[in-house]
Amino acid sequence: MLWLLLIMVVVAVGAFYIRMNARAERDFDNPDAGSAMVEFGRAFPDEAIRALHSTVDRKAIFLRLHDGKAGFIQSHGTHYVCHVIHPGKVRVNTSDSGRGLIVHFPDFAYLDNTFEFRTAAEAAEVSVWLLGSFSPKSEFTDEAGTPQAVQANE
């Protein structure tokens, strides 16, 4: 009876080990955008994320931040590399497919890569973020371009 109980415990531990290894491999091959955003928030708590686009292989995520900057998250298994990219601090070219970007980070050359997106429109939008052409403007400006205060009607 004791041998049977010992064999059952060994089988249960083996099944648990195999299941956890399968989960770890799945997480390594298929990173989660939600956990990547949480890691970015931990690294840069003062940056608000407005939009994001993930690459086709889901190993990299480009973020549009609240003040015209862009963010970059790259997955290395269950670990993430997070960077804030200031406008004009990268060089961007289109890839041969038309749906990708060849990005060169002068400050972080190890991140240089070709990133493929689902559509050419996504690639174009990310390139605008990276090059700093996206400049959030206030909706309340006068003809001279100066911000105006909003007054409540009573």
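Residues numbered from 1 in each chain as written. Predicted model: local features only at pLDDT ≥ 70, side-chain atom pairs only at ≥ 80, totals over all residues. Heavy atoms only, no water.

Visitor: Describe the nonpolar core, naming the residues involved and giving the relevant values.
Guide: By size, the foremost hydrophobic cluster in this structure holds 18 residues, and its most contacted members are Phe72, Phe105, Phe115 and Leu130. Of all elements in the fold, only β2 (60-65), β3 (70-76), β4 (79-85), β6 (100-104) and α3 (120-131) reach the threshold of two or more residues within this core. Ranked by residues supplied to this core, first place goes to α3 with 4 residues. In contact with Phe105, not counting residues within four places along its chain, are Phe72, Ile85, Val90, Leu111, Asp112 and Phe115. Judged by nonpolar contacts, the second largest core, of 9 residues, contains Ala36, Phe40, Ile61 and Tyr80. (Core = buried A, V, L, I, M, F, W, Y, C linked by side-chain atoms within 4.5 Å. Buried < 20%, exposed > 50% of the residue type's maximum accessible area, 1.4 Å probe, protein only. Helix = DSSP H or I, 4+ residues; strand = E, 2+ residues; numbered from the N terminus. Contact = heavy atoms within 4.5 Å.)

Visitor: Any details on the environment of Asp112? Residues and values, ideally.
Guide: Mapped onto the elements, Asp112 comes out in the loop between β6 and β7 (113-116). For Asp112, a relative accessible area of 30% translates into the label partly exposed. Sequence-distant contacts of Asp112, defined by excluding residues within four places in its chain, comprise Val103, His104 and Phe105. A polar side-chain atom of Asp112 sits 2.4 Å from a polar atom in the side chain of His104. (Polar contact = N/O pair within 3.5 Å; in protein donor to acceptor, adjacent residues only side chain to side chain.)

Visitor: Please provide a residue-by-residue account of the packing of aromatic side chains, values included.
Guide: Summed over the entire model, instances satisfying the criterion amount to 7 aromatic pairs. Where Phe72 meets Phe105, the ring centres are 5.2 Å apart and the plane angle is 45°; that geometry is what we call tilted. Placement of Phe72 in strand β3 and of Phe105 in the loop between β6 and β7 is noted, with a sequence separation of 33 residues between them. (Phe/Tyr/Trp six-rings, centres within 6.5 Å; stacked < 30°, edge-to-face > 60°.)

Visitor: Can you break down the sheet that holds strand β5 (residues 91-94) residue by residue, with the values?
Guide: Strand order in this open sheet of 3 strands is β5-β6-β7, and the pairing throughout is antiparallel. Either end of the sheet is taken by a strand with one partner, and the two such strands are β5 and β7. Taken over all neighbouring pairs, the strand axes of this sheet differ in orientation by 25° on average, direction set aside. Lying on the sheet, α3 is in contact with β5 and β6; it crosses β6 at an angle near 20°. (Pairing = 2+ DSSP bridges. Axes fitted to C-alpha atoms, helices over the stretch in contact; angles between N-to-C directions.)

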